[in-house]
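# Report on the structure
Chain residues, written in single-letter form:
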Amino acid sequence: RLPHAVPALLAGLQVAFPAAILGAMLAELAGGRWGLGLYLIAGVSTSNNELVWGVAWLSTTLAAAGYLALGAWGRWLSARRDRVDSGESALFVEMRAASSGGSSDLRHLASRLGHALLAVATPVVAWWAVVRALDLNPIVMKGPQDVWASLTDGPRAPDIRDRVLSALVDTLTW
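If you're wondering where the values come from, they're calculated on a predicted model, not measured in any experiment.

## Details of the environment of Val 52
Locating Val 52 in the fold gives a position in helix α3 (residues 49–86). Each C-alpha atom, one on Val 52 and one on Leu 36, is 9.4 Å from the other, the two residues being 16 residues apart in sequence. With residues up to four places along the chain from it excluded, the contact list for Val 52 reads Leu 40, Gly 43 and Val 44.

In structure tokens:
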């Protein structure tokens, strides 16, 4: 029974992973000394938009990576289990995949990567469009290009990156 239950268990973990990141960040508010949750609140209370968006991007990327990795692992295990259940030999499966050219697998991978890229790009484009359409002063709300510049080549970039990455470590070990 366990081999047949593993894909369902991984699907549950896949759904729970982003919630666990959020839960860890919220738990840090109740008693943590460091972590992404505290950096997020500190960034909001001091109007440090670079820090807020850096934490948001990092936590979103981490949640998406865990979600995608657990989903891929579950699909791989499910396909492997189905091959074993059907009695197909590994050699036959590989020969069939080689003869089909693996184009469907490549299309599937390209589709998944396209969806992931779209999931990341959509909020960034919306963010940029709101800042641009409302002609907001960077003091009120910075655009994605401003946040990227502050994380990569701004005068405080190394300090901001170090703070955000150390907060990530604290969040993951919470």
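Anyway, onward from the coordinates.
## Description of the packing of aromatic side chains
This model, assessed by the stated rule, comprises 1 aromatic pair. Ring geometry for Trp 53 against Trp 127: centres 3.8 Å apart, planes inclined by 15°, an arrangement best described as stacked. Taken together, the residues Trp 53 in helix α3 and Trp 127 in helix α5 (residues 103–133) connect sequence positions 74 residues apart. According to the relative accessible area criterion, Trp 53 is partly exposed, its value standing at 27%. Taking relative accessible area as the criterion, Trp 127 reaches 5% and is therefore assigned buried.

## Quick notes on the nonpolar core
Membership of the largest hydrophobic core comes to 17 residues, with the highest contact counts inside it found for Leu 36, Val 55 and Val 164. Among the secondary structure elements, those contributing two or more residues to this core are α1 (2–31), α2 (36–45), α3, α5, α6 (144–152) and α7 (157–173).

## Here's the deal with α7
For α7, with 17 residues, the first-to-last C-alpha span of 24 Å sits near the 24 Å given by 1.5 Å per residue. Residues of α7 that are buried: Ala 157, Ile 160, Val 164, Ala 167, Leu 168 and Thr 171. One face of α7 carries all of its buried residues, which in axial projection span an arc of 105°. Facing away from the buried side of α7, by more than 90 degrees, are the exposed residues Asp 162 and Thr 173.

Thresholds applied
Chains are numbered independently. Their residues run from 1 in the order of the written sequence. Only residues with pLDDT of at least 70 are given local features in this predicted model, and only at 80 or more are side-chain atom pairs given and counted; all residues enter the totals for whole chains, interfaces and linings. The basis for every side-chain value is the complete set of non-hydrogen atoms in the structure, without hydrogens or water. Secondary structure elements follow DSSP: runs of H or I no shorter than four residues count as helices, runs of E no shorter than two count as strands, and numbering proceeds from the N terminus. We call two residues in contact when some of their heavy atoms are within 4.5 Å. Aromatic rings from Phe, Tyr and Trp, with only the six-membered ring used for Trp, were paired whenever their centres fell within 6.5 Å, and each pair was classed as stacked if the ring planes differed by under 30 degrees, edge-to-face if by over 60, and tilted otherwise. In this scheme, a residue with accessible area under 20% of its type's maximum is buried, one over 50% is exposed, and one in between is partly exposed, where area comes from a 1.4 Å probe on protein chains only. The definition of a nonpolar core used throughout is a set of buried Ala, Val, Leu, Ile, Met, Phe, Trp, Tyr and Cys residues joined through side-chain atoms within 4.5 Å. In this scheme, a helix's expected span is set at 1.5 Å multiplied by one less than its residue total. By arc we mean the arc of the directions from the helix axis to the C-beta atoms, nothing more.

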